[in-house]
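Commentary on secondary and tertiary structure
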Amino acid sequence: MYRFLLTPRWWGINVFVLLAIPFCIFMGSWQLGRFEDRVQDHRDAGEQASAARTQAARPLAELLPVDKETSGKQAKATGRYGKQLLVPDRELDDKTGFYVLTMLRTDDGRALPVVRGWLPGVADAAKAPAAPGGKVTVTGALQASETPGSNGVPAAGGLPAGQTGAISSASLVNLVPYEVYDAWITLAEADAGMKAVPATAPSDTGLDLKAFQNLGYTGEWFVFAGFVVFMWFRLMRREVEFAEDAELGLTEEAPAEGEASRGGTGGEAAAAGHGERAETAPDASVGATDGDADTDTDTDTAKVSSSPTA
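First things first, this report covers the structure right here in the doc. Within any chain, residue numbers begin from 1 and follow the written order of that chain's sequence. For this predicted model, a pLDDT threshold of at least 70 governs which residues receive local features, and a threshold of 80 or more governs which side-chain atom pairs are given and counted, while totals over whole chains, interfaces and linings are taken from all residues. Only hydrogens and water are set aside when side-chain values are computed; all heavy atoms of the structure are taken into account.

1. Regarding the overall build of the chain
Quick reminder of the rule: Every helix listed is a DSSP run of H or I at least four residues long, and every strand listed is a run of E at least two residues long, numbered separately from the N terminus. With a 1.4 Å probe rolled over the protein chains alone, any residue whose accessible area is under 20% of its type maximum counts as buried; one over 50% counts as exposed, and the rest are partly exposed. The criterion used for residue contact is that any of the two residues' heavy atoms lie within 4.5 Å. Each accessible area is a Shrake-Rupley result for a 1.4 Å probe, and residues are judged covered by the shown protein chains and nothing else.
When you go through the chain residue by residue, the secondary structure sums to five helices and six strands. Going residue by residue from the N terminus, the α and β elements of the chain occur as α-β-α-β-β-β-β-α-β-α-α. Counting every position in the chain, which comprises 310 residues, the buried fraction comes to 30%. The contacts of the chain with a sequence gap of at least 6 include a subset with a gap of at least 24, amounting to 67%. Carbon and sulfur atoms form 58% of the exposed surface of the chain, whose accessible area is close to 19200 Å².

Here's what the structure looks like:
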């Protein structure tokens, strides 16, 4: 009954199933591994940020370029404050406000973006306190350049003069007349009248949308594997049921009845034709008999007419 499994068509189905199931399991396991890696990165980033608060600050040059290992580390730099900008639509303690961003011009001629603090409300240059004058040394958490549309960074453009949507060298190079570091720091202690901005975790290290996408893909691949097994079993059962019907003659009964019905119709038509001919025949014989009687009557009359008169 199961010999159909050895037919060429079923060989193709079986090979596909044997390849599809391991592939789905492998892809599901890989996506699950990606999710676990992101969870671990999130834990490591949290531990690193906690440890960085108690570590001694290191010179900025020793921590560049910024990566997952150096992000959040305490860095220090010396220079003079220059142009000041505002970064609107930033949240802190569930309130919307803006960052006060001031460029620190270092001895090598480049400028380091420094977030001196956060203020609530709509971005207003009149609310932002002026930066200290003279040469200063700042200490804060090192951060990588932001990317608009990620990690809570707004992607809106068309901001008024003196404002920037993202803290990045690509955005600031068009707003300041000097070269900008591909990094920025947020002061550990904000200037008077402002709140300090906490450091954020590096990109691709938090439980963000990408992490939960990996978890969703994990479930999808395992569901695909189960669906392949279900479809193979369903097709196999249909073949078995068809074979059982063939053994019982159920698959040929319907055509035979059709042919029999078509044959019966022809026989009935033939029988009807014979019946009509049978019914017509007596009428003809009756007509013939009547004709013979008329002929005999005419003959008798002729005989009487031709006999001599007494």
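Having seen the model, we can carry on.
2. Some words on the packing of aromatic side chains
Both the distance between ring centres and the angle between the ring planes are used here to describe each pair of aromatic rings. Stated formally: Only centres within 6.5 Å qualify two rings of Phe, Tyr or Trp (six-membered ring in Trp) as a pair; their planes then separate them into stacked at under 30 degrees, edge-to-face at over 60, and tilted for everything else.
Summed over the entire model, instances satisfying the criterion amount to four aromatic pairs. Note on W10 and W232: the rings are 6.4 Å apart at their centroids and 85 degrees apart in plane angle, and the pair reads as edge-to-face. Of the two residues, W10 sits in helix α1 (residues 8-54) while W232 sits in helix α4 (residues 209-247), which places them 222 residues apart along the sequence. Of the residues examined, W232 reaches a relative accessible area of 26% and is grouped as partly exposed. Summarising the aromatic geometry, the rings of F35 and F212 are spaced 6.4 Å apart at their centres and angled 50 degrees between planes, so their arrangement reads as tilted. Linking F35 in helix α1 with F212 in helix α4, this pair joins segments that are 177 residues apart in sequence.

3. Some details on the side chain of T102
To keep things clear, this is the line we draw: Here a polar contact means two N or O atoms within 3.5 Å. Within protein one must be a hydrogen donor candidate and the other an acceptor candidate, and residues neighboring in sequence count only if both atoms are side-chain atoms.
On the secondary structure map, T102 appears in strand β3 (residues 95-106). Here T102 falls in the buried class, since its relative accessible area comes to 0%. One polar contact links T102 to Q84, side chain to side chain, over a distance of 2.9 Å. A distance of 3.4 Å separates polar atoms of two side chains, one belonging to T102 and the other to R116. The residues contacting T102, other than those within four sequence positions of it, are Y81, G82, K83, Q84, L112, P113, V114, R116 and A131.

4. Considerations on a negative patch on the surface
Rules: Residues qualify for a patch when their relative accessible area is over 30% and they have no salt bridge, like charges being joined within 9 Å and the nonpolar side chains of Val, Leu, Ile, Met, Phe, Trp and Tyr within 5 Å. Throughout this description, the term salt bridge denotes a Lys or Arg side-chain nitrogen within 4 Å of a carboxyl oxygen of Asp or Glu. The sign given to each residue is positive for Lys and Arg and negative for Asp and Glu; His and the chain ends receive no count. To locate a charge, take NZ of a lysine, CZ of an arginine, CG of an aspartate or CD of a glutamate.
A contiguous patch of negative charge, built from D44, E47, D67 and E69, is present on the exposed surface. Along the polypeptide, E69 turns up in the loop between α2 (60-63) and β2 (74-92).

5. Observations regarding a nonpolar patch on the surface
A surface patch of nonpolar side chains, about 460 Å² in accessible area, is lined by L6, W11, V15 and L19. Take L6: its relative accessible area is 62%, and that puts it in the exposed class.

6. Here we look at unusual backbone geometry
Each neighbour pair has its own omega, and for L64 with P65 the value is -5 degrees, a cis peptide bond. Tracing the backbone through its elements, the reader meets P65 in the loop between α2 and β2. At D89, a position not held by glycine, the phi torsion is positive, near 60 degrees. Looking at the secondary structure, you find D89 in strand β2. Here D93, not a glycine, exhibits a phi torsion of approximately 55 degrees, which is positive.

7. A word on the pairing of strand β6 (residues 184-187)
Spelled out, the test is: In short, DSSP must find at least two bridges between two strands for them to pair.
Going residue by residue along β6, you find W184 and T186 tucked away on one face and I185 and L187 tucked away on the opposite face as well. With two bridges connecting them, strand β4 (residues 111-120) and β6 associate as parallel partners. Looking at β6, one finds that V115 is bridged to T186. In terms of strand pairing, strand β5 (residues 135-143) meets β6 through four bridges, oriented antiparallel. If you follow L142 over to β6, its bridge partner there is I185.

8. Some remarks on the pairing of β3
Along β3, nine of the twelve residues are buried, which leaves the element largely enclosed by surrounding structure. Note: β2 against β3, ten bridges, orientation antiparallel. Looking across to β3, one finds that E91 is bridged to T96. Linking β2 to β3, which pair antiparallel, is a turn of two residues; within it D93 sits at a positive phi near 55 degrees.

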